[in-house]
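What the coordinates show
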Protein chains: 2
Amino acid sequence: MNNKGIIVVVSGFSGAGKGTLMKELLSRYDNYALSISATTRNPRPGEENGREYFFVTKDEFEKLIAEDGLVEYANYVGNYYGTPKKFVQEKLDQGKDVILEIEIQGALQIKKKFPQALLLFVMPPSVEELEKRLRGRGTETDEVIHGRLLRAKEEGQGIDEYDNIVINDNLDDCVKEMHEIIQSSHYTPERNREFIDTIKKQLSELN
Amino acid sequence: MNNKGIIVVVSGFSGAGKGTLMKELLSRYDNYALSISATTRNPRPGEENGREYFFVTKDEFEKLIAEDGLVEYANYVGNYYGTPKKFVQEKLDQGKDVILEIEIQGALQIKKKFPQALLLFVMPPSVEELEKRLRGRGTETDEVIHGRLLRAKEEGQGIDEYDNIVINDNLDDCVKEMHEIIQSSHYTPERNREFIDTIKKQLSELN
């Protein structure tokens, strides 16, 4: 069968716990690699180059674009964000499944370039829980809540483009479920083209 | 999320061990129900009505066809074989995943009627192993081997129509893997339409 890694895009509602989920997934299983994005925005206090992001200049970023060195990129409020191709390819070749935490626009770029990428969308277990998370602890201003709400509406539009949803109820169960979804998705005919073609060829030669 | 069962069609090369796999799957997990086909062929020694098959008359079978009481059916060498709809629907409503062991023609009928059905194709781990199984223990006549070979070639044509392949190497691992593939497939946007639409609707009402 196919021993090569697959690209796994993880998106989802803000506050659905993507960060914690992925941290846990990576610490629990050794077949994953987390892709680190490059960005032209300035590091925030506590952020480290090569950990949260690769912090690069605008020129460096545009050089990457020109060289087709990114699997996806976008420009948000004047800053570039993108996924360097080299790291992703290296890890896939090592048989790792490469996790990319990106939003819908990037996810769709990935799916177009890599039809075998797996797109996961993390959801809260219920509308009540989502609303609770959106409203926060009741200490947020109406403006903050409104901003979150607009964002969630936008994020929710793209769900149907994803291959699977991941429901983050209990963290422990959810990490296991996410792992199983990713591992199961290795077993599609498209992701095992070589194996299937070999079997078919050999069958046609037998007599 | 979606608590309703899904239809799981299992096909695969003869000798890939489908029977053993499914027996093990059903004994190990309690969320599955095995669909029993109806047939107009005569019971063979040791076969029991309602265990291997429901043995019915040609008239009874044609009545089922006329009433749209079958999820799929076919006619092989003068005998009807089909899957009664009533049992499948009852088990789905109880939240069971219903397993149907049928061949490609039936599988495609199912997929057309039930786009949310999951189609699994059981494969041996290697071409060597497949050939070994096709050739048997060296005691079979050339005719028997030739017959198996023709059948395997035919069976192999349809692989790409399936959602997932299941590689039967080690029985224990394979059963676990099959279970994970089936359970993971519950988490697609299409199989959670209601949950997703509720979330979207609620989001649009929040303000």
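Before reading further, recall that the structure is shown in the block above.
Attention here is on the structure that accompanies the text. The residue count restarts for each chain, going from 1 along the sequence in the order it is written. Think of it this way: whatever chain is written first is A, whatever ligand is written first is 1, and the rest follow in order. It should be noted that, the model being predicted, local features are given only for residues of pLDDT at least 70 and side-chain atom pairs only at 80 or more, the latter also being counted only at that level, while totals for whole chains, interfaces and linings use all residues. Heavy atoms from the whole structure form the basis of all side-chain values; hydrogens and water molecules are not counted.

Comments concerning the relation of the copies chain B and chain A
Inclusion rule: Overlaid copies result from least-squares superposition on C-alpha atoms, with residues included only where pLDDT is at least 70 in both. Note on contacts: a residue pair qualifies if any of its non-hydrogen atoms lie within 4.5 Å across the two residues.
Mapping chain B onto chain A is achieved by rotating through 180° and translating by 0.0 Å along the same axis, at an RMSD of 0.0 Å. Look at the turn and shift together and you get a two-fold axis relating the two. For chain B, the smallest separation between a C-alpha atom and the rotation axis is recorded for Glu 180 of chain B, amounting to 3.0 Å. When you check the interface residues of chain B against chain A, 100% turn up at the interface there too, and the contact is symmetric in its surfaces.

Side note on unusual backbone geometry
Residue and element names in this part refer to chain A. What counts here: The helix and strand labels rest on DSSP assignments: H or I over at least four residues marks a helix, E over at least two residues marks a strand, and numbering proceeds from the N terminus. Accessible area is worked out with a 1.4 Å probe on protein chains only. A residue is then buried under 20% of its type maximum, exposed over 50%, and partly exposed in between.
Backbone geometry places Val 77, a non-glycine residue, at a positive phi of 35°. Note that Val 77 resides in the loop between strand E5 (70-76) and strand E6 (79-84). Using a relative accessible area of 83% as the deciding quantity, one classes Val 77 as exposed.

Here's the deal with the packing of helix H5 (residues 127-135) of chain B against helix H6 (residues 142-157) of chain B
Residues and elements named next belong to chain B. Note the threshold: Axes, fitted as lines to C-alpha atoms, cover a helix only where it is in contact. Angles between the N-to-C directions of the axes lie from 0 to 180 degrees. When an angle is under 35 degrees it counts as roughly parallel; over 145 it counts as roughly antiparallel; between 65 and 115 it counts as roughly perpendicular; any other value is oblique. Charged residues are taken to be Asp, Glu, Lys and Arg, nonpolar residues to be Ala, Val, Leu, Ile, Met, Phe, Trp, Tyr, Cys and Pro, and polar residues to be all remaining types, Gly included.
The contact between H5 and H6 brings their axes to 8 Å, and the two run at 135°. Relative to H6, H5 is oriented oblique. Contacts from Arg 133, Leu 134 and Arg 135 in H5 reach Ile 145, Arg 148, Leu 149 and Ala 152 in H6. Residue classes in the contact of H5 with H6 are distributed as 4 nonpolar, no polar and 3 charged.

Remarks on the sheet that holds E6 of chain A
What links the strands of a sheet is backbone hydrogen bonding, and the strands pair in either a parallel or an antiparallel sense. Residues and elements named next belong to chain A. Where we set the bar: The pairing criterion is simple: DSSP has to find at least two bridges between the two strands.
Read from one edge to the other, the open sheet built from 4 strands follows the order E4-E3-E6-E5, with strand pairing classed as mixed. The outermost strands of the open sheet, each flanked by one partner alone, are strand E4 (54-55) and E5. Pairing geometry for strand E3 (residues 38-39) and E6, over 2 bridges, is antiparallel. Bridged to Thr 39 within E6 is Tyr 81. Helix H3 (residues 85-93) rests against E5 and E6 of the sheet, and its axis sits at about 20° to E6.

Here we look at helix H5 (residues 127-135) of chain A
Residue and element names in this part refer to chain A. Quick note on the threshold: Summarising the geometry, the arc corresponds to the directions from the helix axis toward the C-beta atoms.
Listing the buried residues of H5 in full gives Val 127, Leu 130 and Leu 134. Considered in projection along H5, the buried side chains sweep an arc of 60° and stay on one side of the axis. Set apart from the buried face of H5 by more than 90 degrees, the exposed residues are Glu 128 and Lys 132. Count one or two residues on from H5 and you reach Gly 136, which has phi positive near 70°.

Considering the interface of chain B and chain A
Quoted interface sizes are often the accessible area lost when the parts come together. Going by this rule: Note on terms: buried area is the combined drop in 1.4 Å-probe accessible area of two parts once they are placed together, counting the loss on both. What makes a salt bridge here is a side-chain nitrogen of Lys or Arg within 4 Å of a carboxyl oxygen of Asp or Glu, nothing more. In protein, a polar contact requires one atom able to donate a hydrogen and another able to accept it; more generally it is a pair of N or O atoms within 3.5 Å, and residues adjacent in sequence count only if both atoms are side-chain atoms.
Listed as interface residues are 42 residues of chain B and, on the opposing side, 42 residues of chain A. Buried area between chain B and chain A, both sides added, is near 3800 Å², and the carbon and sulfur share of it is 67%. Contact with chain A buries area across many residues of chain B, yet Tyr 187, Leu 203 and Leu 206 of chain B alone supply 17% of it, more than any other trio. Across the contact surface, chain B and chain A share 4 salt bridges. With its nearest N and O atoms 3.6 Å apart, the salt bridge here joins Asp 160 of chain B to Lys 200 of chain A. Our enumeration of links across chain B and chain A arrives at 13 residue pairs in polar contact (both at pLDDT 80 or more). Elements that contribute at least two residues to the side of chain B that touches chain A include exactly H5, H6, strand E9 (164-167), helix H7 (171-184) and helix H8 (193-205) of chain B.

Remember that the coordinates give geometry; whether it matters functionally is a separate question.
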